[in-house]
Amino acid sequence: MVDTPPTSVRQLVARENLTTLQTHILAEEQKHPHASGTFSWILSALALSAKVIADKIRRARIQDVLGSLDAENVQGERQQKLDVIANETLLRCLGSRSGVAIVASEEDENPTLIQRENAGERPYCVLFDPLDGSSNLDSCGAVGTIFSILRYDRRAHSPEASILQRGVEQSAAGYILYGSSTVFVITTGSGVSMFVLDPSIGSFLLVEHGIRIPRSGRTYSLNEGNRASFPEGYRRYLDWAQANGYSSRYSGTMVADVHRTLVSGGVFLYPPTKKSPEGKLRLLYEVNPMAMIIEQAGGKAVSGTQRVLEVQPKALHQRIPCSMGSPDEVDHVLRHLG
Ligand code: P6P
């Protein structure tokens, strides 16, 4: 006869959070009777990649994989050793999963068509920035992975053509923030969910579902070092914000700055600059996925005065300027751009 545990112990276990990313994905899948499980299989590959990359980052200095390589990526940016490790991890985890027709990475010039006997059954394209903000690694700054999932367009005449879809076409989008904890934030088009990695059990646990961005927040996030070359409207906005007691927060990692904006409110901006007249951030695998997250949480995301998710992409590594965050704060920016 097993002694009945004291109520306090049973309550303790009952209160324990046991909703993992895996169970959440399967529960979402069950809401779609005709789902084949392919989509869930891709999300679980992203979760596996995130755990591997998080582990590599946490032990980078010990294993001497910090620092840069004597190589540049397709963007002309010096590659960090962990850029390559993260990129290879994602390519391996996604490439072995049925349901992935094409993968496209910030680190690779062209998309990769996953050629397998059943290529025709591969309905999704996965685009990613494997390690956003990697130049902050040497100083132990926060970095992230950003991903965007699109339906594979069988009618497209080339792999690149299949991924040149507007942001409104995304099936899912999200990011992993490797910060003080490892946070996995995702939307599949019906709200934003947040999971935190519990290293003691190796699972991402659900901490919040249906996240709503604060309607306003007196914080702006952009690289003010570029102020002199911002278009006039952005300089007018900064003058207004500083005259109205706004704070400035900027880490140099888009994932960290947008995550703070999502959680605390405010606005993140990367305007056109003299060095980057089209803005620095890439539309397909940085701005679009972050814009989907922000809009699904009740925020706004614009490029100039146009809604980001309506921009028609022209090339895989296309850059665009962007402003995204609390709806009232994006409206303040727009008021000064008009
Ligand atoms: P800057 C990191 O290199 C990145 O791509 C984004 O994560 C970040 O928001 C931006 O560039 C920072 O650029 O010009 O301010 O250093």
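Each chain carries its own residue numbering, running from 1 in the written order of its sequence. Totals for whole chains, interfaces and linings use every residue, but because this is a predicted model, local features are given only for residues with pLDDT of at least 70 and side-chain atom pairs only at 80 or more, for both listing and counting. Here the side-chain values reflect all heavy atoms present in the structure, with hydrogen atoms and water set aside.

**Focus on the domain arrangement of the protein chain**
Each domain span listed reflects an automatic or database assignment of domains. Here the domain parsing of the protein chain yields domain 1 (15-209) and domain 2 (219-337). Put simply, the middle of domain 1 and the middle of domain 2, counted by C-alpha atoms, are 23 Å apart. Only heavy atoms matter for contacts: two residues are in contact if any of them lie within 4.5 Å across the pair. Contacts between domain 1 and domain 2 engage 48 residues on the former and 32 residues on the latter. Values labelled buried area give the accessible surface lost by two parts on being combined, using a 1.4 Å probe and summing over both. Counting each side, the surface lost to burial between domain 1 and domain 2 is near 2,900 Å², with a carbon and sulfur contribution of 62%. Per-residue buried area on domain 1 facing domain 2 is highest for Leu 164, Arg 166 and Tyr 175; these three make up 20% of the total on that side. A carboxyl oxygen of Asp or Glu within 4 Å of a side-chain nitrogen of Lys or Arg is what we treat as a salt bridge. Summed over the shared surface of domain 1 and domain 2, the number is two salt bridges. Its salt-bridge partner being Glu 310, residue Arg 166 comes within 2.5 Å of it at the nearest N-O pair. For this analysis, a polar contact is any N or O atom pair within 3.5 Å, provided that within protein one partner can donate a hydrogen and the other can accept it, and provided that sequence-adjacent residues contribute only side-chain to side-chain pairs. Where domain 1 touches domain 2, the interface holds 18 residue pairs in polar contact (both at pLDDT 80 or more).

**Description of the pairing of strand S7 (residues 172-178)**
Among the seven residues in S7, seven count as buried, and that is most of the element. Alternating residues of S7 divide into Ala 172, Gly 174, Ile 176 and Tyr 178 and Ala 173, Tyr 175 and Leu 177, and every residue in both groups is buried. Between any two strands, at least two bridges found by DSSP are needed for them to pair. Each helix is a run of H or I in the DSSP string that is no shorter than four residues. Each strand is a run of E no shorter than two, and both are numbered from the N terminus. Relative to S7, strand S6 (residues 143-151) runs antiparallel, the two being bridged by seven bridges. Residue pairing across strands places Phe 147 opposite Gly 174, the latter belonging to S7. Note: S7 against strand S8 (residues 182-187), six bridges, orientation antiparallel. The residue of S8 that forms the bridge with Leu 177 is Val 183. In textbook terms, the turn of a hairpin is the stretch between consecutive antiparallel strands, and for S7 and S8 this stretch comprises three residues. Burial status follows relative accessibility: with a 1.4 Å probe on protein chains alone, a residue under 20% of its type maximum counts as buried, one over 50% as exposed, and anything between as partly exposed.

**Focus on the pattern of salt bridges**
As enumerated under the stated definition, the model contains 14 salt bridges in all. Between Asp 153 and Arg 155 there is a salt bridge, with the nearest N and O atoms lying 3.0 Å from each other. On the accessibility criterion, Asp 153 (21% relative accessible area) is partly exposed. Taking relative accessible area as the criterion, Arg 155 reaches 77% and is therefore assigned exposed.

**Things to note about the side chain of Asp 83**
Relative to the assigned elements, Asp 83 resides in helix H5 (residues 81-95). Positive residues here are Lys and Arg, negative ones are Asp and Glu, while His and the chain termini are left out of the count. Buried Asp 83, no salt bridge; nearest opposite-charge side chain is Arg 282, N-O distance 9.2 Å. Setting aside residues up to four positions removed in sequence, Asp 83 forms contacts with Arg 78, Glu 107, Pro 130, Leu 131 and Ser 134.

**So, the site of the ligand**
For each residue, the test is whether any non-hydrogen atom lies within 4 Å of the molecule or strand; if one does, the residue is near. Lining the immediate surroundings of the ligand are 13 residues, of which Asp 132, Asn 223, Tyr 250, Met 254 and Tyr 270 lie closest. Measuring from an oxygen atom of the ligand, one finds a side-chain N or O atom of Tyr 250 at 2.5 Å. The contact in question runs from an oxygen atom of the ligand to an N or O atom on the side chain of Tyr 270, over 2.7 Å. Residue composition of the shell around the ligand, grouped by class: five nonpolar, four polar and four charged. The residue classification treats Ala, Val, Leu, Ile, Met, Phe, Trp, Tyr, Cys and Pro as nonpolar and Asp, Glu, Lys and Arg as charged. All others, Gly included, are polar.

**So, the sheet that holds strand S12 (residues 247-248)**
Taken in spatial order, the six strands of this open sheet run S12-S11-S13-S16-S14-S15, and their pairing is mixed. In this open sheet, the two edge strands, each paired with only one partner strand, are S12 and strand S15 (306-307). Sheet topology note: the strand S14 (residues 300-303)/strand S16 (residues 322-325) ladder contains three bridges and is antiparallel. By the bridge assignment for S16, Ala 301 is matched with Met 324. Here an angle of 0 to 180 degrees is reported between the N-to-C directions of two axes, which are lines fitted to C-alpha atoms, with helices fitted over the stretch in contact. Against the sheet, helix H7 (residues 232-243) makes contact with strand S11 (219-221), strand S13 (267-270) and S16, and its axis sits at roughly 145 degrees relative to S11, the strand it touches most. Contacting S13, S14 and S16, helix H10 (residues 327-337) runs over the sheet at an angle of about 25 degrees to S14.

**As for the packing of helix H8 (residues 254-264) against helix H9 (residues 283-296)**
At a minimum axis distance of 11 Å, the contact between H8 and H9 shows a crossing angle of 15 degrees. Here H9 runs roughly parallel to H8, going by the angle between their axes. For H8 against H9, the interelement crossing comes out right-handed. Every residue of H9 that contacts H8 at Met 254, Val 255, Val 258 and Leu 262 is listed here: Glu 286, Val 287, Met 290, Ile 293 and Ile 294. For the contact of H8 with H9, the per-class residue count stands at eight nonpolar, no polar and one charged. Angle categories: roughly parallel below 35 degrees, roughly antiparallel above 145, roughly perpendicular from 65 to 115, and oblique for all the rest. The sense of a crossing depends on the near helix, which, turned anticlockwise from the far helix by less than a right angle, makes the crossing left-handed and, turned clockwise, makes it right-handed.

**Side note on the packing of aromatic side chains**
Stacked, tilted and edge-to-face are the three classes applied to pairs of Phe, Tyr and Trp rings, where Trp contributes its six-membered ring and a pair requires centres within 6.5 Å; stacked means planes under 30 degrees apart, edge-to-face means over 60, and tilted covers the rest. Counting across every chain of the model gives seven aromatic pairs. A ring pair is formed by Phe 147 and Phe 184, whose centres lie 5.7 Å apart and whose planes are at 45 degrees; its orientation type is tilted. Pair noted here: Phe 147 is in strand S6 and Phe 184 is in strand S8, with a separation of 37 residues, a long-range link. Of the residues examined, Phe 147 reaches a relative accessible area of 0% and is grouped as buried. With a centroid separation of 5.4 Å and 65 degrees between ring planes, the pair formed by Phe 184 and Phe 204 is classed as edge-to-face. Note that Phe 184 is positioned in strand S8 and Phe 204 in strand S10 (residues 203-209), a separation of 20 residues in sequence.

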